[in-house]
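Structure at a glance
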Amino acid sequence: MKVALVGMPGSGKSTVGAQLARQLGVPCLDSDAEIEKQLGESIRSFFDREGEAAFRAVEASVIRELVGGDREIVLATGGGAVLREENRRALHDGAIVLYLRSSPDELFRRLRYDTKRPLLQVRDPLKKLRELYAQRDPLYREAAHYVMETGRPSVHALVNMVLMQLELAGLVSPDRVAATVGAEKRL
């Protein structure tokens, strides 16, 4: 089984992905980290030097490789991975895709003090999040098999919701994951 998480920056893809992978007993990979391994440098420095088109080409190659392999994984994608149609198709065809949907206002609440996301280092980050959401929400939905509202549940509760959805869809055996509903685990 391959599970891929898509969504806006700050929607919880990396955090949820790590806990989901732990519950499923499979590795969690982050497409941005895999891209940096392949490049041998940070995405930011490559992006600054080579531009967005070159970065998106590398990203597409890495996503194809990750979802095309035989090993079971949980994949946390970069927020812009869905911008290319070939990525949306590769993700949808090669993995169970979960869109972790968060409203721009919720994302702003989570990210307002984050200084590491270049897209949000603008005069009005909430306006930027609304613009990105308007552009990307339909693309996330196109790639996704399931849309999970992140709202305000804890990470643990969200992971349980994901596991229940996968179990109800017959994609995960109830024997494969321990019942954790009601357990109090924090990051």
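Regarding its fold elements, the protein chain presents 8 helices and 5 strands. Beginning at the N terminus, the succession of helices and strands in the protein chain can be written as β-α-β-α-α-α-β-α-β-α-α-β-α. Its C-alpha atoms give the protein chain a radius of gyration of 16 Å, near enough to 16 Å, the size a compact globule of 187 residues would have. Counting only C-alpha atoms, the protein chain reaches 50 × 35 × 30 Å along its principal axes. When burial is assessed residue by residue, the protein chain has 44% of its 187 residues classed as buried.

Applying the stated criterion across every chain, the model contains 14 salt bridges. One salt bridge in this structure joins R89 and E85, with 2.8 Å as the shortest N-O distance. On the criterion of helical spacing, the pair formed by R89 and E85 is a turn pair, its members being 4 residues apart in helix α5 (residues 85-94). Its relative accessible area of 42% is what places R89 among the partly exposed residues. One salt bridge in this structure joins E106 and R109, with 2.4 Å as the shortest N-O distance. On the criterion of helical spacing, the pair formed by E106 and R109 is a turn pair, its members being 3 residues apart in helix α6 (residues 104-111). By sharing partners, the salt bridges in this structure join E41, R49 and E50 into a single network.

Our next topic: the nonpolar core. In terms of nonpolar packing, the biggest core is built from 32 residues, with V6, M8, L75, L91 and V97 touching the most fellow members. Counting residues per element, the ones that place at least two in this core are β1 (2-6), α3 (43-50), α4 (52-68), β3 (73-76), α5, β4 (96-101), α6 and α7 (125-143). Not counting residues up to four positions away in its chain, the partners in contact with L91 are A4, V6, I63, V67, L75, T77 and V97. L20, L158, V159 and V162 belong to the second-largest nonpolar core, a separate cluster that totals 18 residues.

With that settled, consider the environment of A157. On the secondary structure map, A157 appears in helix α8 (residues 155-168). Since its relative accessible area comes to 30%, A157 is described here as partly exposed. Measuring from C-alpha to C-alpha, the distance between A157 and V16 comes to 9.9 Å, with 141 residues separating the pair along the chain.

In this section: the environment of Q135. Looking at the secondary structure, you find Q135 in helix α7. Judged by relative accessible area, Q135 falls into the partly exposed class, the value being 44%. For the pair Q135 and L83, spaced 52 residues apart in sequence, the C-alpha to C-alpha distance is 9.0 Å.

This part takes up the packing of aromatic side chains. Using the criterion set out here, one finds 2 aromatic pairs in the structure. Aromatic pair Y99 and Y140: ring centres 4.9 Å apart, planes at 35°, arrangement tilted. Here Y140 lies in helix α7 and Y99 lies in strand β4, a separation of 41 residues in the sequence. Judged by relative accessible area, which is 0%, Y99 ranks as buried.

Glancing now at the pairing of β4. For β4, the tally of buried residues reaches 6 of 6 residues, placing the bulk of the element in the interior. Residues I96, L98 and L100 point to one face of β4 and V97, Y99 and R101 to the other, with burial holding for every one of them. Relative to β4, β1 is paired through 4 bridges, and the arrangement is parallel. Counted as the bridge partner of V3 is I96 from β4. For β4 and strand β5 (residues 146-149), the ladder comprises 4 bridges, and the chain directions are parallel. Counterpart to L100 in the pairing with β5 is M148.

Basis of the calculations
- Residues numbered from 1 in each chain as written.
- Predicted model: local features only at pLDDT ≥ 70, side-chain atom pairs only at ≥ 80, totals over all residues.
- Heavy atoms only, no water.
- Helix = DSSP H or I, 4+ residues; strand = E, 2+ residues; numbered from the N terminus.
- Rg over C-alpha atoms; globule rule 2.2 N^0.38 Å.
- Buried < 20%, exposed > 50% of the residue type's maximum accessible area, 1.4 Å probe, protein only.
- Salt bridge = Lys/Arg side-chain N within 4 Å of Asp/Glu carboxyl O.
- Core = buried A, V, L, I, M, F, W, Y, C linked by side-chain atoms within 4.5 Å.
- Contact = heavy atoms within 4.5 Å.
- Phe/Tyr/Trp six-rings, centres within 6.5 Å; stacked < 30°, edge-to-face > 60°.
- Pairing = 2+ DSSP bridges.

The values are spatial; any link to function lies outside them.
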